[in-house]
Each structure stands twice: as structure tokens, then as C-alpha cells.
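Summary of structural features
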Amino acid sequence: MFEERLAAIRNKQVKIAVIGLGYVGLPVACVFARAGFRVVGIDRVEEKVNQIRQGLCPIGGKEPGLAELVAQVVRDGRLTATTRYEECRDAGVVIIAVETPVDEETRKPKYEALRAALVSLGNHLSRGTLVIVESTIAPLTMERVVRPTLEESSGLRAGEDFYLAHCPERVRPGKLLYNLEHMPRVIGGMTPEAGQLALELYRHIVQADLDVTDCLTAEIVKTTENAYRDVQIAFANEIALLCESLGADVWRVRELVNKCPQRDMHLPGAGVGGHCLPKDPWLLIAHAPEDFQARLIPAARAVNDGMPLHVADLVVKGLRQAGKEVRGSRVAVLGYAYLENSDDTRNSPSEVLVRRLQELGAEVVIHDPYVPPYQGDLQERLQGCDAAVLMVAHDEYRRLNPAELGVQVVVDGRRVLDEKSDHWVIRLGKGDWKG
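Source: prediction; values computed, not measured. Counting starts from 1 at the beginning of each chain's written sequence and moves along it residue by residue. Selection of residues for local features in this predicted model requires a pLDDT of at least 70, selection of side-chain atom pairs for listing and counting requires 80 or more, and totals for whole chains, interfaces and linings are taken over all residues. Values reported for side chains reflect all heavy atoms of the structure, with hydrogen atoms and water molecules removed beforehand.

Attention shifts here to the overall build of the protein. A run of H or I in DSSP becomes a helix once it reaches four residues, and a run of E becomes a strand once it reaches two; helices and strands are each numbered from the N terminus. The secondary structure content of the protein amounts to 15 helices and 13 strands. It is over C-alpha atoms that the radius of gyration is taken, and the globule rule equals 2.2 Å times the number of residues to the power 0.38. At 24 Å, the protein has a C-alpha radius of gyration in line with the 22 Å of a compact globule built from 435 residues. Considered along the principal axes of its C-alpha atoms, the protein spans approximately 75 × 50 × 40 Å. Relative to its 435 residues, the protein shows a buried fraction of 55%. With a 1.4 Å probe rolled over the protein chains alone, any residue whose accessible area is under 20% of its type maximum counts as buried; one over 50% counts as exposed, and the rest are partly exposed.

Structure, rendered in C-alpha cells:
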């Protein structure tokens, strides 16, 4: 069975089913289709499935090459989309790319979407199939959740009747296709044979290192790399808060720190969002034994979660210096996606800021050139506003002249605006607020 499956993957003679057609699953499906495989994408959202069937890309923002690739592989008949899991019956490879969020109160993984996908797949799983989980998951999830759920729903045994592997994605909005091809990947095999099959598969699309290991190591690697970034950003944010309190400029501090060899201070900012960084540190420690006490990771999360609230404080202080109270003021929030030039609003820091400003009694208007509910003419949104907050470094905002915004208070949470502007701008991380 193994040699037959290996040869079929090597010769692109297997059908690939991709479960979940979001920011991970859709690019993966398209890239394997472009490589010459027959691919079917499965998603529960019928509207999204219909868009893809028409060759339309449901992902917005600046995503180089993706819309064109969707149109191409659909037109060539290499990619189809459906809501039906029955398509998995004759698939030689199944890739799972569904979300695994964390509970806001317990910080533990919520496996509803993953379990649902696994049960639906198990009902149609055939012998010899290679099942790969690309979703970012907590360490021990493959052993404690994925394997038993698939075995129970299918009646088959992992390692005997089907192959199971974990190859966590390393994509990010704005570089979905590029990262798929050029980022190294870690492949965790439940068995050596599963790891070898997955290695052969990803060789068709990845032009970088492919490192094969066990499932647990792969789970830890992915969650660790995102926790690392979160901690580093939290450090930069704490230095920014310190610089504000002392009257210094964190951006000048960062510039000089990074001139020292082996130093790489990250960018401070108005908050950490997206589907990965706010949750993956919690996933990393989710199944740690009771005698393990994490200290650094929760502290970093607290710092980063607090940044949008700090921006709200800057708005309040700025308005007071202008002779106004936040209650009754009209505040424009520029940017609602979590990342520049993207339409992805998952865990957006702007959402936290908007909610806080509204709690303080401000009227909030939102603008974002990539998020449909908030698109439109920026100047129209700014009319009658007392303050404007730059929350996302969209290219469109980098061309703004603060003096022409028509507001009394401008808060720059991402170092978007020209440092040479003579207009009064409150800059996050800069103690001197006079520009």
C-alpha cells in the first residue's frame, strides 16, 4: 500500500481534497492544482464555494497572483469546489485547513471546527489515504484529538489503514502564494511512512527545506515560532510605553539598538491581531502538565492585548489637550483589518479600540479601503471628526498629510505618517507629542 501511494503522489496521479478554503486552504488548493494535481476544495460556506466555481477569489486585499491563479486553475479544470465530503472517498490525499480558535476565558483550544471536519471526513475516508493537518494546533492535538476522532468515525486505524501527518502552514496575508512556495516547512509524521509520503507531496510545490520529524515536534515548532514573535513584539511595545513615560522616542531607540550585532528589536504598534499571534501562544501551553507554570507567554499576551486600550488613552489625552472631552467627540478610526493592505479582520486591534472609545462615549466612524463595510471616500468619513487614529499601515494612509485631515487630534499607532510633518501628531512610543 505504501509503495503504491508513494508512486501515485510522485507521479501526480492522486486526487487531493482540501477541507477549508480560507487564507490557508484556498492557496494550497490552487498551488497543488497548478502543479498538475486534480484538486477539490471543500467548504461549508456555499457562497464561497459558488464564487470559486466561477473562478472568482473570495479573498480580498493585495494578494499578488492569487485571483489570477484561482481563475486559471478553475478554467483549466484542475480545481473544483463543493460543500460535499463525499468527494473525499476517491481522494488519495486529504489536507485539513480549518480554524482552531481559543476560548476567550479559558484560553484553551476550541476544537469544534476541527472535530466536525474530522468526523465528516472519517465517514468517507478510504484505505491508503494520506491525511494531513495544516491547521495550527496545540501540541498533542494530533495524538489526542485528530487520531482518535478519525479512527472512531472511519473505523480505520492510523498507521495501518491510512496515513496521518501534520504539516503546519507558514503563510500570511499579503504573501500567501510566495510563502507557500518559498518558506521551509516542517512535516510531522504519525509514522515514518506518513512523513515520507507528505515529504514527496510537498516537494511538488515547496522550493525550500522540508524537514521531517514527529507530530509533536511539528506542533511545538509552529506554535513556538508564533509565540516567539508575540513575545518579541510585546518587548518592543513595553519599551514604547517606557519611552512615552520618559519623554523619549522608541523609533530612534529601536534604530540604534538594532545597530548592535545580534539585536533585532521588533516594531512596536497599536496591537497584535490576526488568526495566529493572539491565539498560538495559548495553544503552545494549552496541554502543558499542571506542574508547568508559564510566565513569559501570558505576560507578553497581556502587554499586546493592552495596546489598543493604550491608544484609546492617547486619544483621550490628545482631545483634552485640544480642550475637548472624549465623551461626545467624533473619532475616525483609520484601518479595521489587522494587517496592512489586507481585508482580514480576525482579532483586529481596531475592534478593541472602537469598543473602548464607544464605552467612553465617543461617536466612532471607521474607514478601511479593503474591508467592504468601511470602504468609501476617506474625506467624507472625516467630516465633523475631532480626532483621527491611524491603526493600520495601509499604503493609502502613508500618502496622507496630517495637516489636511481636518481634525484637531491625530494619533499615529503604526508610524504611518511622515515624521517631518509639522502638524501636531501623537505618535505611539514617542514622549514628545509635538511631532
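This part is about the pairing of strand β1 (residues 15–19). β1 sits mainly inside the fold: five of its five residues count as buried. Where burial is concerned, the two faces of β1 agree: the one with K15, A17 and I19 and the one with I16 and V18 are both buried. Sheet topology note: the β1/strand β2 (residues 38–42) ladder contains five bridges and is parallel. If you follow K15 over to β2, its bridge partner there is R38. For two strands to be treated as a pair, DSSP must find no fewer than two bridges joining them.

With four of five residues buried, β2 is to be regarded as a mostly interior element. Running through helix α2 (residues 25–34), the crossover from β1 to the neighbouring parallel element β2 is right-handed. Both β2 and strand β3 (residues 79–82) contribute to a ladder of four bridges, which runs parallel. Following the sheet pairing, V39 is matched in β3 by L79. The handedness rule is simple: strands pointing away from the viewer, and a clockwise path from the first strand over the helix to the second, make the crossover right-handed.

Let us look at the side chain of S350. With respect to the helices, strands and loops of the structure, S350 is situated in helix α13 (residues 349–359). Once residues within four sequence positions are removed from consideration, S350 is found in contact with V333, G335, Y336, M391 and V392. Contacts between residues were defined by any pair of non-hydrogen atoms, one from each residue, lying within 4.5 Å.

By the element assignment, C385 lies in the loop between α14 (378–382) and β11 (387–390). Sequence separation between C385 and Q408 is 23 residues, and the spatial gap between their C-alpha atoms is 8.4 Å. Sequence-distant contacts of C385, that is, excluding residues within four places in its chain, are made with R330, V331, A332, V365, G406 and V407.

The next thing to look at is the packing of aromatic side chains. Stacked, tilted and edge-to-face are the three classes applied to pairs of Phe, Tyr and Trp rings, where Trp contributes its six-membered ring and a pair requires centres within 6.5 Å; stacked means planes under 30 degrees apart, edge-to-face means over 60, and tilted covers the rest. With the rule as written, the count across this model stands at four aromatic pairs. Measuring from centroid to centroid gives 5.9 Å for F32 and Y202, while their planes differ by 65°, and the two rings are edge-to-face. Here Y202 lies in helix α8 (residues 192–202) and F32 lies in helix α2, a separation of 170 residues in the sequence. By relative accessible area, F32 is classed as buried at 0%. On the basis of relative accessible area, Y202 is assigned to the buried category, the value being 0%. Where Y336 meets Y374, the ring centres are 4.9 Å apart and the plane angle is 55°; that geometry is what we call tilted. Highlighted residues: Y336 in the loop between β9 (330–334) and α13 and Y374 in the loop between β10 (363–367) and α14, separated in sequence by 38 residues. An aromatic cluster is present here, built from F32, F37 and Y202 joined pairwise through their rings.

Burial in helix α5 (residues 112–122) covers these residues: L114, A117, L118, L121 and G122. Across the axial projection of α5, the buried residues extend over an arc of 130°, all falling on one side. The inward-facing, buried residues of α5 abut β1, β4 (93–96), β5 (130–133) and α6 (141–154). Summarising the geometry, the arc corresponds to the directions from the helix axis toward the C-beta atoms.

Glancing now at the sheet that holds strand β7 (residues 185–189). Pairing is mixed across the open sheet formed by eight strands, whose spatial order is β3-β2-β1-β4-β5-β6-β7-β8. In this open sheet, the two strands that pair with only one neighbour each are β3 and β8 (210–214). Across the sheet, the mean angle separating the axes of adjacent strands is 25° when strand polarity is ignored. When β7 meets β8, the two strands line up parallel, connected through five bridges. When the sheet's bridge partners are listed, V186 is paired in β8 with D211. Angles run from 0 to 180 degrees between N-to-C directions of axes, and those axes are lines fitted to C-alpha atoms, restricted for helices to the stretch in contact. Sitting on the sheet, α8 touches β1, β4, β5, β6 (163–166), β7 and β8, and the angle it makes with β7 is about 150°.

Take the nonpolar core next. The set of buried Ala, Val, Leu, Ile, Met, Phe, Trp, Tyr and Cys residues whose side-chain atoms join them within 4.5 Å is what this entry labels a nonpolar core. Counting residues in each nonpolar core, the largest one holds 52 residues, and the members touching the most others are F32, I95, I132, L201 and Y202. Tallying contributions element by element places α2 first for this core, with seven residues. Setting aside its immediate chain neighbours within four residues, F32 contacts I16, F37, V39, I95, L201, Y202 and I205. With 37 residues, the next largest nonpolar core counts A17, V94, L114 and L121 among its residues.

The subject of this paragraph is unusual backbone geometry. For L140, which is not a glycine, the phi torsion comes out positive at approximately 85°. For Q262, which is not a glycine, the phi torsion comes out positive at approximately 65°. Structurally, Q262 is set in the loop between α10 (250–257) and α11 (280–285). Judged by its relative accessible area of 81%, Q262 is exposed.

These results come straight from atomic positions and should not be treated as a statement about function.
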